[in-house]
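A closer look at the structure
Chain by chain, the residues run as shown.
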Amino acid sequence: MFRRHAAGVAIITANLNGKPFGFTATSVASLSAEPPRFTFNMARSSSSWPAVANANYIGVHMLGLENQALADRFARTRDRFEGDHWEPGPYEVPILKDVTGWLVGKIQMRLSFENNAVVVVEVVDGQVGDGGTPLLYHSGSYSKPAPLDYEI
């Protein structure tokens, strides 16, 4: 059923002992505005889980339509950080370049449930990039929002 629920595409990054980690996620959600917090879910079997489980700070990068190749790279390959598409950011969190925006946050809680985890993060830094069309994931593939024929 959730394949039919369109979701924004993001990339989560972390640094563990000087090594960058990251993965593509569709589970990022705002939790509160004051203080600014967000959550995301992930499998504890993920190759990035050790970094998320042990890091104090992580990054979330919101992706636009032009970032589809980056989303694929972080979802399907192991050479996620080879190249000049990222740089160390605040708290040594890997920051991806040319995304629609990024946040760095301090992990407040990790709630494990069976083989999964819900992570709660409080925002400590961030930057809004250029506007653009958001990248969505729906029914097993990427897509973009389409305008409605009427205004709400």
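Residues numbered from 1 in each chain as written. Predicted model: local features only at pLDDT ≥ 70, side-chain atom pairs only at ≥ 80, totals over all residues. Heavy atoms only, no water.

1. Quick word on the packing of aromatic side chains
- A full pass over the atoms with the stated rule returns five aromatic pairs.
- Summarising the aromatic geometry, the rings of Phe-23 and Phe-40 are spaced 6.2 Å apart at their centres and angled 55° between planes, so their arrangement reads as tilted. Residue Phe-23 is located in strand β3 (residues 19-25), and its partner Phe-40 is located in strand β5 (residues 36-43); the two are separated by 17 residues in the primary sequence.
- Classification of Phe-40 by relative accessible area gives buried; the value is 0%.
- Both rings, one in Tyr-57 and one in Tyr-91, keep their centres 3.8 Å apart while their planes meet at 10°; by these two values the pair is stacked. Here Tyr-91 lies in the loop between β7 (86-88) and β8 (94-96) and Tyr-57 lies in strand β6 (residues 57-62), a separation of 34 residues in the sequence.
- One aromatic cluster is present, built from ring pairs that chain together Phe-74, Phe-81 and Trp-86. (Phe/Tyr/Trp six-rings, centres within 6.5 Å; stacked < 30°, edge-to-face > 60°. Helix = DSSP H or I, 4+ residues; strand = E, 2+ residues; numbered from the N terminus. Buried < 20%, exposed > 50% of the residue type's maximum accessible area, 1.4 Å probe, protein only.)

2. Side note on the pairing of β5
- In terms of strand pairing, strand β4 (residues 29-33) meets β5 through four bridges, oriented antiparallel. Bridging from a neighbouring strand, Ser-30 pairs with Phe-38 of β5.
- Joining the antiparallel neighbours β4 and β5 is a turn of two residues.
- Here β5 pairs with strand β10 (residues 116-128) via seven bridges, running antiparallel. By the bridge assignment for β10, Phe-40 is matched with Val-119. (Pairing = 2+ DSSP bridges.)

3. Comments concerning the pattern of salt bridges
- This structure, assessed with the given rule, holds two salt bridges.
- Across the pair Glu-122 and Arg-37 runs a salt bridge, and its minimum N-O distance is 3.4 Å. Pair noted here: Glu-122 is in strand β10 and Arg-37 is in strand β5, with a separation of 85 residues, a long-range link.
- Between Asp-72 and Arg-76 there is a salt bridge, with its nearest N and O atoms 3.4 Å apart. Linking Asp-72 with Arg-76, this pair stays in helix α2 (residues 68-76), spanning four residues, or about one helical turn. (Salt bridge = Lys/Arg side-chain N within 4 Å of Asp/Glu carboxyl O.)

4. Thoughts on the layout of surface pockets
- As a volume, the largest pocket reaches approximately 240 Å³.
- If you go around the largest pocket, you meet 14 residues; those closest to its centre are Phe-23, Thr-24, Ala-25, Thr-26 and Ala-75.
- Of all the secondary-structure elements, those providing two or more residues to the lining of the largest pocket are β3, β5 and α2. (1 Å grid on protein atoms, 1.4 Å probe; cavity = no way out; pocket = protein on both sides within 12 Å on 5 of 7 lines; lining within 4 Å. Points joined across faces, edges and corners; volume = space filled by probe spheres on them.)

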